[in-house]
Amino acid sequence: MRWLCAYPRSRAAMQDVVLWLEKTDERTELARAFSQALHERLLHPDVDTHAILVYYVNIVYALRIVDTSGVVLSRVLPPVQHYLRTRKDTIQAVVHALLGDDAAFELLRTELVHTQPAEPDVPGGGGYAVGAATAEEEEEEQYTRLEYWTDPTWAPRPVDAGPAFSHMRTRDVVGLLVSIFDDRQGFLHALEQHTAQRLVKTMDYDTSRVQRNNAIFKRRLGEQNLHHCDVMLTDVAWSQRFDTHFHAVAHGGMADHVHPMVISRQFWPDLDTRMYTLPKRLAEALEKYADFYAAQHPAKRCGRGH
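Residues numbered from 1 in each chain as written. Predicted model: local features only at pLDDT ≥ 70, side-chain atom pairs only at ≥ 80, totals over all residues. Heavy atoms only, no water.

**A look at helix α13 (residues 208-221)**
Then comes step 1: Taking 1.5 Å of rise per residue, 14 residues should cover 20 Å, and α13 covers 20 Å from first to last C-alpha, within 8% of that figure.
Then comes step 2: Looking one or two residues beyond α13, the residue adopting positive phi is G222, at roughly 95 degrees. (Helix = DSSP H or I, 4+ residues; strand = E, 2+ residues; numbered from the N terminus. Expected span 1.5 Å × (residues − 1).)

As structure tokens, then:
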């Protein structure tokens, strides 16, 4: 467990495990010991979700080095996936790990940016989930899928492999992280929520980082699933153009310092809609902006959010 915490600095220690496996072929014993240690030290309420995700990512990276066959990973990872599904904050934690600034997930974000998946990642697409492939189904599938017949590197599924062995071998770390969830819409909603929060905090309508992340997830999840995020980005771009137009004709006072954002409410997730009592000058400036908007778009109404 210690060398998992220290990955990637612990590569030298991992080589000792590689040599041990080469001499003993005790993959099942290694998987059993790992699983027991995870249940005792990690998979319980006292450990926060962030720490479990750090271990999850390190487990994938490390065990793919230690055991290139993928057998140990296929036996160790599914219980961790299953446990993460039971936590209410897992989806939000995964989205923040992929899109945030946490140094613990730097390798993960690098892979997200530079790795092109073979096929779109689908939340709920494998692992220990309800509806995931069982060992028996995979055993049957390995002899019936056409691509296996035409793949010169194909090899039979190891007899000691765990659930969803093929899924574990073919997906990268980001794909295995996204596929934890049974709830596809829940993951997409968390992604939209994170995007909205980023956008409302932007300064000077700068959305370059959000646009980059949106493009990356389109490759991962498919363009149609990021439609709401596209609309949100379009709203910010339109708001910038309208703001420039507003300040070209409105001069003086507090209005010079007002730069609102006009959003398409039906495409944005629920934001903080609490109403605050604004200082008089600021309230008047926003009212001036709303009047200008109404004059330019008579069929639309611009209301104040937060």
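Back to the text.
**A closer look at the packing of helix α7 (residues 106-114) against α13**
Then comes step 1: The interhelical angle for the contact between α7 and α13, taken along N-to-C directions, is 75 degrees, at an axis separation of 9 Å. Viewed along their axes, α7 and α13 adopt a mutual orientation that is roughly perpendicular. Of the residues in α13, those in contact with E111, L112 and V113 of α7 are I216, F217, R219 and R220.
Then comes step 2: Of the residues in the contact of α7 with α13, the class split is 4 nonpolar, no polar and 3 charged. (Axes fitted to C-alpha atoms, helices over the stretch in contact; angles between N-to-C directions. Parallel < 35°, antiparallel > 145°, perpendicular 65-115°, else oblique. Contact = heavy atoms within 4.5 Å. Nonpolar A, V, L, I, M, F, W, Y, C, P; charged D, E, K, R; others polar.)

**A word on the environment of R301**
Then comes step 1: Looking at the element boundaries, R301 is found in the segment after α15 (280-296).
Then comes step 2: In sequence terms R301 and A290 are 11 residues apart; their C-alpha atoms lie 8.1 Å from each other.

**Side note on the side chain of H247**
Then comes step 1: Inspection of the secondary structure puts H247 in helix α14 (residues 227-249).
Then comes step 2: Dropping the residues within four chain positions of it, H247 is found in contact with A255, D256, V258 and H259.

**A closer look at the packing of helix α4 (residues 49-66) against helix α5 (residues 71-85)**
Then comes step 1: Two elements in contact, α4 and α5, have axes separated by 10 Å at closest approach and are oriented at 165 degrees. Considering the angle they form, α4 stands roughly antiparallel to α5. Here the hand of the crossing between α4 and α5 comes out left-handed. On α5, the residues touching T49, I52, L53, Y56, I59, V60, L63 and R64 of α4 are V72, L73, V76, L77, V80, Q81, Y83 and L84. (Left-handed = near helix turned anticlockwise from the far one by under 90°.)

**Considerations on the confidence of the model for the protein chain**
Then comes step 1: Averaged over the protein chain, the pLDDT score is 81; the fraction of residues at 70 or greater is 82%.
Then comes step 2: In this model, residues 125-135 is a region of pLDDT below 50 whose contacts with residues beyond four sequence positions or in other chains number 26 contacts. (pLDDT = per-residue confidence, 0-100.)

**Overview of the packing of aromatic side chains**
Two measures describe an aromatic ring pair: the distance that separates the ring centres and the angle between the ring planes.
Then comes step 1: For the structure shown, the criterion picks out 7 aromatic pairs.
Then comes step 2: Seen from their ring centres, F242 and F292 are 5.5 Å apart, and the 50 degrees between their planes marks the pair as tilted. On the criterion of sequence distance, the pair formed by F242 in helix α14 and F292 in helix α15 is long-range, its members being 50 residues apart.
Then comes step 3: Given a relative accessible area of 5%, F242 falls into the buried group.
Then comes step 4: Residue F292 is classed as buried on the basis of its relative accessible area of 14%.
Then comes step 5: Connected via pairs of aromatic rings, a cluster forms that spans W238, F242, F246, Y289, F292 and Y293. (Phe/Tyr/Trp six-rings, centres within 6.5 Å; stacked < 30°, edge-to-face > 60°. Buried < 20%, exposed > 50% of the residue type's maximum accessible area, 1.4 Å probe, protein only.)

**Some details on the nonpolar core**
Then comes step 1: Counting 65 residues, the largest nonpolar core has Y56, L98, L108, F187 and F217 as the members making the most contacts within it.
Then comes step 2: Here the element with the most residues in this core is α4; it accounts for 12 residues.
Then comes step 3: Of the domains in this structure, domain 1 (1-182) and domain 2 (186-296) are the two that each give at least three residues to this core.
Then comes step 4: Counting 10 residues, the second largest nonpolar core, distinct from the first, contains F242, V262, A285 and Y293. (Core = buried A, V, L, I, M, F, W, Y, C linked by side-chain atoms within 4.5 Å. Domains from an automatic or database assignment.)

**A look at the pattern of salt bridges**
Any two side chains of opposite charge can pair if their charged atoms end up close together.
Then comes step 1: Across all of its chains, the model carries 8 salt bridges by this definition.
Then comes step 2: As a salt-bridge pair, R198 and D101 come within 4.0 Å of each other at their nearest N and O atoms. Note that R198 is positioned in helix α12 (residues 184-200) and D101 in the loop between α6 (90-99) and α7, a separation of 97 residues in sequence.
Then comes step 3: The class for D101 is exposed, based on a relative accessible area of 57%.
Then comes step 4: Across the pair K218 and D230 runs a salt bridge, and its minimum N-O distance is 3.0 Å. Here D230 lies in helix α14 and K218 lies in helix α13, a separation of 12 residues in the sequence.
Then comes step 5: By relative accessible area, which is 23% here, D230 ends up partly exposed.
Then comes step 6: Several salt bridges share partner residues, and in doing so they unite D25, R27 and D160 into one network. (Salt bridge = Lys/Arg side-chain N within 4 Å of Asp/Glu carboxyl O.)

**Topic: the side chain of E192**
Then comes step 1: One can find E192 in helix α12.
Then comes step 2: Excluding residues that lie within four positions of it along the chain, E192 makes contacts with N225, H228, C229, M232 and P269.

**Considering helix α2 (residues 11-24)**
Then comes step 1: Given a rise of 1.5 Å per residue, 14 residues ought to cover 20 Å, and the 20 Å separating the end C-alpha atoms of α2 matches this to within 8%.
Then comes step 2: Taken together, the buried positions of α2 are M14, V17, V18 and L21. Buried residues of α2, viewed axially, fall in a sector of 105 degrees; they line one side. Residues of α2 that are exposed and angled more than 90 degrees away from the buried face: A12, D16, E22 and K23.
Then comes step 3: Among the residues trailing α2, D25 stands out with phi positive, at a value near 55 degrees. (Arc of directions from axis to C-beta.)

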